[in-house]
Amino acid sequence: RLRVNAKFLGRVSAAERDALFACSDVVVVPSRVLPEGRTEGMPLVCLEAMSAGRPVIAARAGGLAELIEDRENGLLFDPGDDRMLAGKLKLVLSDAALWKRIADNARRTAATFLWSKTGPRFCAIVNSVLKSNEADIYDRECNA
């Protein structure tokens, strides 16, 4: 009905993913908000596209709205608003300087999520919680 030429590939290998990003101008993440208000967190494809230096145009939903700063490291549109999405596509594809700035900023944003940076913080949080729980268990067992 919309005459969109789309192909849904399903699962792809890392090499196929990289090749797809390399031949893409932008990546659209059209997440939506469910009737009860539930949204997805932050789709991995968003960080993968940003890491590949591809501007992401994403629905203003869930973690996407927290990660992406409109016109800085990506573009946001209201979930379900196809006209707004079309406008964002036209904007970034018609302005090479904007495309480059967003792509560069997207790479920098994605780099902050590398496991080499987030891993140590994650481990520290887990260790802190484990130590805290061990103390709680010890206190409960000793004071019982």
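Visitor: Report on the overall build of the chain, specifying residues and quantitative values.
Guide: What the chain contains, in helices and strands, is 6 helices and 3 strands. For the chain, the sequential pattern of α-helices and β-strands runs α-β-α-β-α-β-α-α-α. Taken over the C-alpha trace, the chain has a radius of gyration of 20 Å; the compact-globule value for 144 residues is 15 Å, which it surpasses by more than 25%. With the C-alpha coordinates aligned to their principal axes, the bounding extent of the chain is approximately 70 × 35 × 30 Å. Counting the 144 residues in the chain, one finds 27% classified as buried. Accessible surface for the chain amounts to roughly 10,100 Å². Of this, 55% is attributable to carbon and sulfur atoms.

Visitor: Tell me about helix α5 (residues 96-111), residues and numbers included.
Guide: The terminal C-alpha atoms of α5 lie 23 Å apart, and with 16 residues this matches the ideal 22 Å at 1.5 Å per residue to within 8%. Restricting attention to buried positions, one finds in α5 the residues L98, I102, A103, N105, A106, T109 and A110. Where the residues of α5 are buried, they touch α2 (44-51), α3 (62-67), β3 (75-77) and α4 (82-94). Taking the backbone nitrogen of A97 as reference, a side-chain oxygen 3.2 Å away marks D95 as the first, capping residue of α5.

Visitor: Before we move on, could you go through a nonpolar patch on the surface and cite the residues and values that matter?
Guide: There is a patch of nonpolar side chains on the surface, built from W115, F122, V126 and L130 and spanning about 440 Å² of accessible area. Secondary-structure assignment places F122 in helix α6 (residues 115-142).

Visitor: Account for the sheet that holds strand β1 (residues 27-29), naming residues and giving values.
Guide: The parallel open sheet is built from 3 strands, whose spatial order is β1-β2-β3. The two strands at the open ends of the sheet, each matched to only one other strand, are β1 and β3. Across this sheet, the average inter-strand angle for adjacent strands is 20°, counted without regard to direction. The sheet contact formed by β1 and strand β2 (residues 56-59) spans 3 bridges and is parallel. Paired with V28 across the two strands is I57, which belongs to β2.

Visitor: Give a detailed account of the confidence of the model for the chain, specifying residues and quantitative values.
Guide: Note that predicted coordinates carrying low pLDDT should not be read in detail. Of all residues in the chain, 92% attain a pLDDT of 70 or more, and the chain-wide mean is 89. Mean pLDDT across the elements of the chain ranges from a minimum in α6, with 77, to a maximum in β3, with 98.

Visitor: So what about the nonpolar core? Which residues, and what values?
Guide: Counting 15 residues, the largest nonpolar core has V29, C46, M50, V56, A58, L67 and I68 as the members making the most contacts within it. Looking at this core, the element that brings in the most residues is α2, giving 4 residues. Setting aside anything within four residues of it in sequence, one finds I68 in contact with C46, V56, A58, N73, G74, L75 and L76.

Visitor: Mind laying out the side chain of S31, listing which residues take part and the relevant values?
Guide: Tracing the sequence through the fold places S31 in the loop between β1 and α2. For S31, a relative accessible area of 6% corresponds to the buried category. Leaving out residues up to four positions away in the same chain, S31 has contacts with E40, P43, A59, L64 and P79.

Cut-offs and rules
- Residues numbered from 1 in each chain as written.
- Predicted model: local features only at pLDDT ≥ 70, side-chain atom pairs only at ≥ 80, totals over all residues.
- Heavy atoms only, no water.
- Helix = DSSP H or I, 4+ residues; strand = E, 2+ residues; numbered from the N terminus.
- Rg over C-alpha atoms; globule rule 2.2 N^0.38 Å.
- Buried < 20%, exposed > 50% of the residue type's maximum accessible area, 1.4 Å probe, protein only.
- Areas by Shrake-Rupley, 256 points an atom, 1.4 Å probe, with all protein chains shown as cover.
- Expected span 1.5 Å × (residues − 1).
- Contact = heavy atoms within 4.5 Å.
- Polar contact = N/O pair within 3.5 Å; in protein donor to acceptor, adjacent residues only side chain to side chain.
- Patch = residues over 30% accessible without salt bridge, like charges linked within 9 Å, V, L, I, M, F, W, Y side chains within 5 Å.
- Salt bridge = Lys/Arg side-chain N within 4 Å of Asp/Glu carboxyl O.
- Pairing = 2+ DSSP bridges.
- Axes fitted to C-alpha atoms, helices over the stretch in contact; angles between N-to-C directions.
- pLDDT = per-residue confidence, 0-100.
- Core = buried A, V, L, I, M, F, W, Y, C linked by side-chain atoms within 4.5 Å.

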